[in-house]
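For reference, the chains in residue letters:
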Amino acid sequence: MKRKLTGIFVALACFLGLAFSIARIDNKLHIARSINVFAELLRTLDELYVDSLDINKMSKTAFSAMLKEVDPYTEYYSEEELQRADLITKGEYAGIGALLYERDGKIIVRKIYEGSPSDKAGLEVADEILALDGNAVNGWGMKKVLDYLKGQPGQSISLTFIRSGQKEPVEKTFDRELIKLPIIPYYGMRTNKTGYICLSSFSSGNTASEFKAALEELLQEKAESLIIDLRNNGGG
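Residues numbered from 1 in each chain as written. Predicted model: local features only at pLDDT ≥ 70, side-chain atom pairs only at ≥ 80, totals over all residues. Heavy atoms only, no water.

Looking at the environment of Leu123
Piece 1. Note that Leu123 resides in the loop between helix H4 (117-121) and strand E4 (128-132).
Piece 2. Given a relative accessible area of 5%, Leu123 falls into the buried group.
Piece 3. Setting aside anything within four residues of it in sequence, one finds Leu123 in contact with Ala98, Val109, Ile112, Ser118, Leu159, Phe161 and Arg163. (Helix = DSSP H or I, 4+ residues; strand = E, 2+ residues; numbered from the N terminus. Buried < 20%, exposed > 50% of the residue type's maximum accessible area, 1.4 Å probe, protein only. Contact = heavy atoms within 4.5 Å.)

A word on the nonpolar core
Piece 1. Ranked by internal contacts, the top residues of the largest apolar core, which has 19 residues, are Leu100, Ile129, Leu132, Val145, Leu149 and Leu159.
Piece 2. Looking at this core, the elements with two or more residues in it are strand E2 (98-103), strand E3 (106-112), E4, helix H5 (142-149) and strand E6 (156-162).
Piece 3. In terms of nonpolar packing, the next biggest core, distinct from the first, is built from seven residues, Ile183, Ile197, Leu218 and Ala223 among them. (Core = buried A, V, L, I, M, F, W, Y, C linked by side-chain atoms within 4.5 Å.)

Regarding the sheet that holds strand E11 (residues 225-229)
Piece 1. Spatially, E9-E10-E11 is the arrangement adopted by the three strands of the open sheet, whose pairing is mixed. Of all the strands in the sheet, just strand E9 (186-189) and E11 have a single pairing partner and so form its edges. Looking at each pair of strands side by side, their axes are set apart by 10° on average, direction ignored.
Piece 2. Relative to strand E10 (residues 194-198), E9 is paired through four bridges, and the arrangement is antiparallel. Residue Tyr187 lies in a different strand from E10, and its bridge partner there is Ile197. (Pairing = 2+ DSSP bridges. Axes fitted to C-alpha atoms, helices over the stretch in contact; angles between N-to-C directions.)

Let's talk about the environment of Lys111
Piece 1. Along the chain, Lys111 turns up in strand E3.
Piece 2. Along the sequence, Lys111 and Glu124 sit 13 residues apart, while their C-alpha atoms lie 7.8 Å from each other.
Piece 3. Sequence-distant contacts of Lys111, that is, excluding residues within four places in its chain, are made with Gly97, Ala98, Leu99, Val125 and Pro185.

Re the pairing of E4
Piece 1. For E4, a buried count of four out of five residues is recorded, marking the element as mostly surrounded by other parts of the structure.
Piece 2. Where E3 and E4 come together, two bridges link them in antiparallel fashion. Note that in E4 the partner of Ile108 across the bridge is Glu128.
Piece 3. Bridge count for E4 against strand E5 (residues 135-136) is two bridges, and the pairing is antiparallel. Directly across from Leu132, in E5, lies its bridge partner Asn135.
Piece 4. Between E4 and E5, which follow one another and run antiparallel, lie two residues, and Asp133 among them has a positive phi close to 55°.

Some points on H5
Count 3.6 residues to each turn of an α-helix, and residues three or four apart come out pointing the same way.
Piece 1. Turning to H5, its buried residues are Met142, Val145 and Leu149. The buried residues of H5 occupy an angular sector of 65° when the element is viewed end-on, so they sit on one face. (Arc of directions from axis to C-beta.)

Considerations on the packing of aromatic side chains
Piece 1. Considering all chains together, one arrives at two aromatic pairs under this definition.
Piece 2. A ring pair is formed by Phe38 and Phe63, whose centres lie 5.9 Å apart and whose planes are at 40°; its orientation type is tilted. Placement of Phe38 in helix H1 (residues 2-48) and of Phe63 in helix H2 (residues 55-67) is noted, with a sequence separation of 25 residues between them.
Piece 3. Overall, Phe63 belongs to the partly exposed group, its relative accessible area being 27%. (Phe/Tyr/Trp six-rings, centres within 6.5 Å; stacked < 30°, edge-to-face > 60°.)

Structure representation (structure tokens):
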């Protein structure tokens, strides 16, 4: 009886293994076939459609639609978007060291990083960016402005801005520098017993060590409770 049961289990295991292998082969064939169909579809549209098409945009739309079938968290990143994500992860880039935001179509300075080219040139919070290298940014949108500001360390860029209460715009030239985004821009004691740590991101590298150092200093100052400020933290 034991031999019969062992034989059945072995046969079942072989059958399941064979079925799994066939399924994997079938998936590979289906993937190859789907890639060929997709490529041929794009090629046909590009050659025969009456109007010109943005093939890159169409491809990205197709990829994004496909990934929606997986789960809400799996996303497609283009090479450009991957570079921006890498920037967020590493926490450094070459630019002017100013945090911007868009309000009613206007590009406004929200924050200046201490010691950055913006800080050295006298750019201030609430200044409105009007032009970059003589090109008016009206209608550009935030993404295009940010992409233009980033570059190689040492590259210069001309920035025209206007300050609240002033009538004439100001033009200044900045040299891009490697900007290291502060992981903990501020920490300290809020009360005699309550410490406060502002954590701007969960970038790779020194996040844990910097947080630990700040926490240890607050504990030395007799902190019994702690506020961890994660506002505007984009994650990591």
